[in-house]
Amino acid sequence: MISRVALATIVVVLGVTAQPAFADKYLDEYTPPLTELGRGRIAQLAENPLVVDAIKAQNAVTSGYDQTKIDALDAQWVAEVDAKNKPLIEATLGNAAAKFLAAAQDESAGLFTEIFVTDAKGLDVAQSTITSDYWQGDEAKFTESFGKGPGAVFLGDIEQDESTQAFQSQVSIAIIDPATGAAIGSITVGVDLSQI
């Protein structure tokens, strides 16, 4: 395993243009432990009844949403990030599933940097921290987890967080309805690679 200091040194030496190749090289090193996290601890989070019930409830509301409605909600979310009133954001940060996810992030002792779950449309249902947008449905973290169904583990690129300087990757899996075995949503967890 490569340390955070070594990662930062390599990025500085290689420069910004070489960073994607660097990240791809080290993603290979982290693929086994990140995949294990996806199938282990993250799958346990995804199976929690608070999470499953919140997704099923939101799916009942959003199943008929068309792309125009989804785009409007996403625009509302982006506008709320810097606004005083944040009804949509507060709804996804204040529900029981979000509180469970925030507690799980706290209990990870820095391993998890963010946790969020989506419904079957890729709309946020609950999250431990604010995401930059509300609709994840057009992103690989959703299409390669929810879209591939049970058992799929999608690993995002290695990126350096600007505020923490930590190198992290996102691990995403589908959330499965235990009653039917069908995918009902997705979970994405940011993982600090220095903690693995």
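In what follows, the structure referred to is the one given above.
**Student:** Got a sec to walk through the environment of Glu-114? Specific residues and values, please.
**Tutor:** Positionally, Glu-114 belongs in strand S1 (residues 112–118). Under the relative-accessibility criterion, Glu-114 is labelled buried at 15%. Each C-alpha atom, one on Glu-114 and one on Leu-101, is 8.7 Å from the other, the two residues being 13 residues apart in sequence. Excluding residues that lie within four positions of it along the chain, Glu-114 makes contacts with Gln-105, Ser-128, Thr-129, Gln-170, Thr-188, Val-189 and Gly-190.

**Student:** Tell me about the packing of aromatic side chains, and please be specific about residues and values.
**Tutor:** On inspection of all chains with the given rule, the structure shows two aromatic pairs. Taken together, a centroid distance of 5.3 Å and an interplanar angle of 20 degrees make the contact between Trp-77 and Tyr-134 stacked. Within this pair, whereas Trp-77 is found in helix H5 (residues 67–81), its partner Tyr-134 is found in the loop between strand S2 (124–127) and helix H8 (140–143), the two being separated by 57 residues in sequence. Across this residue pair, the class does not change: Trp-77 and Tyr-134 are buried.

**Student:** How would you explain the nonpolar core if you had to name every residue and give the values?
**Tutor:** Ranked by size, the top nonpolar core spans 31 residues in total, and within it Phe-112, Val-117, Ile-175 and Ile-187 carry the most contacts. Among the secondary structure elements, those contributing two or more residues to this core are helix H2 (19–39), helix H3 (41–46), helix H4 (49–62), helix H7 (96–107), S1, S2, strand S5 (167–176) and strand S6 (183–192). Once residues lying within four places of it in the same chain are set aside, the contact partners of Val-117 are Val-51, Ile-55, Leu-101, Leu-123, Asp-124, Val-125, Ala-126, Ile-175, Ser-186 and Ile-187. Ranked by size, the runner-up nonpolar core spans eight residues in total, among them Leu-88, Ile-89, Tyr-134 and Trp-135.

**Student:** I'd like to hear about the pattern of salt bridges, residue by residue, with values.
**Tutor:** For the coordinates displayed, the defined rule picks out three salt bridges. Across the pair Lys-56 and Asp-177 runs a salt bridge, and its minimum N-O distance is 3.6 Å. On the criterion of sequence distance, the pair formed by Lys-56 in helix H4 and Asp-177 in the loop between S5 and S6 is long-range, its members being 121 residues apart. Judged by relative accessible area, Lys-56 falls into the partly exposed class, the value being 35%. The closest approach of N and O atoms between Glu-144 and Lys-148, which form a salt bridge, is 2.7 Å. Given the relative accessible area of 28%, Glu-144 is considered partly exposed.

Rules of the game
- Residues numbered from 1 in each chain as written.
- Predicted model: local features only at pLDDT ≥ 70, side-chain atom pairs only at ≥ 80, totals over all residues.
- Heavy atoms only, no water.
- Helix = DSSP H or I, 4+ residues; strand = E, 2+ residues; numbered from the N terminus.
- Buried < 20%, exposed > 50% of the residue type's maximum accessible area, 1.4 Å probe, protein only.
- Contact = heavy atoms within 4.5 Å.
- Phe/Tyr/Trp six-rings, centres within 6.5 Å; stacked < 30°, edge-to-face > 60°.
- Core = buried A, V, L, I, M, F, W, Y, C linked by side-chain atoms within 4.5 Å.
- Salt bridge = Lys/Arg side-chain N within 4 Å of Asp/Glu carboxyl O.

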